[in-house]
Amino acid sequence: MSALDNDDQKKLEENDLDHETNGYIKIKKFRFIMLIFFLIFASAGITTLVMAFGDDKAANVAGVPQRKEFTKLFNTYDDLKQNYYEKIDTNKLVNGAIDGMVQALGDPYSVYMPPDEASKFNQTISSSFEGIGAEVQEKNGYITIVSPIKGSPADKAGLKPNDKVLAVNGKSVHGMSANDVVLLIRGKKGTSVTLSILSPGSTNPRDVKIQRDTIPVDTVYAKMLKNGVADFQITTFSTNTSKELVAAINNMKKQGMKSMILDLRQNPGGLLDQAIAIANLFVPEGKMIVQVEDRNGKRDQITADGGNKLHIPAAVLIDDGSASASEILSAALSESDDVPLIGEKSFGKGTVQTSTTFDDGSDLKFTTDKWLTPKGEWIHKKGIQPEYKVDLPAYANLPVIDPSEALKLYSISSDVKTAEEMLKALGYNPGHVDGYFDQATENAVIKFQRDQKQKPTGVLEGQTTLLLMSKLQNLIANNDTQLNKAVEVLKNDQR
């Protein structure tokens, strides 16, 4: 019998019951009224007994299943509420209990936010927010930068993937959740926050002062390179990313686009539906985009829709800051449309989260599934290996230097070593790159200052430091080995 048949049968049974009851009242009205009075007095008696002999624990309401696993939790709540030496905020107790349960999962992507935190944190992915513009997560006990957003204060300050955040404004973040750290970092535009950063390979943390700003909603940046190659950088997957990309593609077509590069480097991910929408522009109808697997091993396979497809040579750039939705899109294009991946191994986030907002404004985000590539590979904590592995020059990974600190003759520090490496990359000879500011280093700084039409003091600070880092960024942009490799691969693509 179908569900509809069951409903119809139930309605018929209810109609029959009503008919019989109405008939019964007409025939036995007096006995029915006496029965009602009896039930009322019986209920009152039971209530009196419960109030006289019961305790103040939660009543076992008929029809509600008992949850023995919560007995200890309820007892603890009651004991604290009644016997703690000070008056307590019961809402904090409840929020703390939920937060503890979620933290016990040991999953950095599952988090509970009480109403006040949720209202600050859930500035939706579809709108701009004020902060520094960096994705962070808890990794191996440290709060770690996943990726800074292009053009954001974090990006301009030189934060890199896998940088560890040790403190915010002098307050240690050891033991804190990634969500709590984000709330510390975010703030109003124009205000500053100082992060204590430990970069990979370094033993000395450095303080990075960053001025907060409005993080823009634009997520697609397009430019035309030589020979009809269009470069599309996607910084994150937000509500309108697929629409932005389509508009940018149409614009590049008008400029003579013959092939394209999707640059997903430093893209921390975002909305799954946007990654799927973009994959649909490339992947042939019926071919797989992604698989989503639940705890029981059941898989849902998402395949490409029909419609207009892009039939031009394409390549995708990835690195260790490409995570989540970036990896879903990369895997889909690579495995279902033979689009080459170029760059470095991706971050490796292979889980899917859902979010539940409660009536009081609190929010629970937790992992529900894992996603697999079209070929069934789970890339979690492994990342995606590019078809063409290409590293950026070593100087592309240099940390920033604090311009407020004066580096001069006889200074010894890690910043001095960084400055020496920058000078050497730019063609100035600082002598031995050893962290010691000797005469050769001073001479290199003086030459650099003269070339930049600055007073040749030989001291590296302030504007000189900023100019040095700016020139290095230009050098990196002009010597993008990964982008250059993509252009080379596209020349040989006869699609």
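Residues numbered from 1 in each chain as written. Predicted model: local features only at pLDDT ≥ 70, side-chain atom pairs only at ≥ 80, totals over all residues. Heavy atoms only, no water.

A. View of the sheet that holds strand β11 (residues 229-234). One open sheet accounts for six strands, arranged β10-β11-β12-β15-β16-β19; its pairing is mixed. Where the open sheet ends on each side, the last strands, each with one partner, are β10 (220-224) and β19 (388-389). As paired strands, strand β12 (residues 259-263) and strand β15 (residues 314-318) are joined by four bridges and run parallel to one another. From the neighbouring strand, aspartate 263 faces β15, where its bridge partner is leucine 317. Relative to β15, helix α10 (residues 325-337) is tilted by about 145°, and along the sheet it contacts β12, β15 and β16 (341-343). (Pairing = 2+ DSSP bridges. Helix = DSSP H or I, 4+ residues; strand = E, 2+ residues; numbered from the N terminus. Contact = heavy atoms within 4.5 Å. Axes fitted to C-alpha atoms, helices over the stretch in contact; angles between N-to-C directions.)

B. Molecular detail of the packing of helix α9 (residues 272-279) against α10. Put simply, α9 and α10 touch, their axes get as near as 9 Å, and they point 25° apart. Considered as vectors, α9 and α10 are oriented roughly parallel to each other. With respect to the hand of their crossing, α9 and α10 are arranged in right-handed fashion. Two secondary-structure elements touch here, α9 through Leu272, Ala275, Ile278 and Ala279 and α10 through Ala325, Ile328, Leu329, Ala332 and Leu333. Among the residues making up the contact of α9 with α10, the classes are represented as nine nonpolar, no polar and no charged. (Parallel < 35°, antiparallel > 145°, perpendicular 65-115°, else oblique. Left-handed = near helix turned anticlockwise from the far one by under 90°. Nonpolar A, V, L, I, M, F, W, Y, C, P; charged D, E, K, R; others polar.)

C. Region of interest: unusual backbone geometry. Positive phi outside glycine occurs at asparagine 227, with the angle close to 60°. Checked against the element boundaries, asparagine 227 lands in the loop between β10 and β11. Its identity as a non-glycine residue notwithstanding, tyrosine 410 has a phi of 80°, on the positive side. On the basis of relative accessible area, tyrosine 410 is assigned to the exposed category, the value being 58%. (Buried < 20%, exposed > 50% of the residue type's maximum accessible area, 1.4 Å probe, protein only.)

D. The arrangement of the packing of aromatic side chains in detail. According to the stated counting rule, one finds three aromatic pairs in the structure shown. The interplanar angle of 85° and the centroid separation of 5.6 Å between the aromatic rings of tyrosine 428 and phenylalanine 448 together place this pair among those described as edge-to-face. Pair noted here: tyrosine 428 is in the loop between α11 (414-425) and α12 (439-451) and phenylalanine 448 is in helix α12, with a separation of 20 residues, a long-range link. Judged by relative accessible area, tyrosine 428 falls into the buried class, the value being 12%. Accessibility expressed as a relative area gives 1% for phenylalanine 448, which makes it buried. A cation sits over an aromatic face here: lysine 370 above tryptophan 378, 4.4 Å from the ring centre. (Phe/Tyr/Trp six-rings, centres within 6.5 Å; stacked < 30°, edge-to-face > 60°. Lys NZ or Arg CZ within 6 Å of the ring centre and 35° of its normal.)

E. Structural detail: the nonpolar core. Within the largest apolar cluster, 42 residues are counted, with the highest numbers of intra-cluster contacts made by Ile132, Leu159, Val168, Leu195 and Ile210. Where this core is concerned, the elements lending two or more residues are β4 (142-148), β5 (164-168), α7 (178-185), β7 (192-198), β8 (206-211), α11, α12 and α13 (462-478). The residues touching leucine 195, leaving out its near neighbours within four places in the chain, are Ile132, Leu159, Ala167, Val168, Ile185, Arg206, Asp207, Val208 and Ile210. Judged by nonpolar contacts, the second largest core, of 40 residues, contains Leu262, Ile312, Ala331 and Val352. (Core = buried A, V, L, I, M, F, W, Y, C linked by side-chain atoms within 4.5 Å.)

F. Here's a closer look at the side chain of threonine 351. Topologically, threonine 351 is positioned in strand β17 (residues 351-357). Apart from residues lying up to four places away in sequence, threonine 351 is in contact with Tyr109, Thr367, Asp369, Lys370, Trp371, Trp378 and His380.

G. Summary view of the pattern of salt bridges. Evaluation of the coordinates by the stated rule reveals nine salt bridges. Salt-bridge contacts for lysine 485 lead to glutamate 488; the nearest nitrogen and oxygen are separated by 3.3 Å. Remark: glutamate 488 and lysine 485 occur in helix α14 (residues 481-491); sequence separation between them is three residues, near one turn of the helix. Its relative accessible area of 42% is what places glutamate 488 among the partly exposed residues. Overlapping salt bridges, with partners in common, bring together Asp263, Arg265 and Asp480 in one network. (Salt bridge = Lys/Arg side-chain N within 4 Å of Asp/Glu carboxyl O.)

H. Inspection of the side chain of aspartate 319 at higher detail. Among the structural elements, aspartate 319 can be located in the loop between β15 and α10. Those residues within four positions of aspartate 319 in sequence are excluded, and the remaining contacts are Arg265, Gln266, Glu344, Lys345, Ser346 and Phe347.

I. Spotlight on the pairing of β15. Extensive coverage of β15 is indicated by the burial of five of its five residues. Side chains of β15 alternate between two faces, with Ala314, Val316 and Ile318 and Ala315 and Leu317 buried alike. Regarding the hand of the β-α-β motif, the stretch spanning β15, α10 and β16 is right-handed. (Right-handed = clockwise from strand over helix to strand, strands pointing away.)

J. Looking closely at the pairing of strand β3 (residues 134-139). Bridge count between β3 and β4: six bridges; the pairing is antiparallel. What sits directly across from alanine 134, in β4, is proline 148. Between β3 and β4, which pair antiparallel in sequence order, lie two residues; one of them, asparagine 140, sits at a positive phi of approximately 55°.

K. Summary view of α10. With 13 residues, α10 extends 17 Å from end C-alpha to end C-alpha; this agrees with the ideal 18 Å at 1.5 Å per step. Burial of α10 is extensive: 11 of the 13 residues sit out of reach of the surface. By the burial criterion, the buried members of α10 are Ala325, Ser326, Glu327, Ile328, Leu329, Ser330, Ala331, Ala332, Leu333, Ser336 and Asp337. Looking at the packing, one finds that the buried side of α10 touches β12, α9, β13 (288-293), β15, β16 and β18 (363-372). Backbone geometry just after α10 places aspartate 338 at a positive phi near 55°. (Expected span 1.5 Å × (residues − 1).)

Fair warning: the whole summary comes from geometry, so function is off the table for now.
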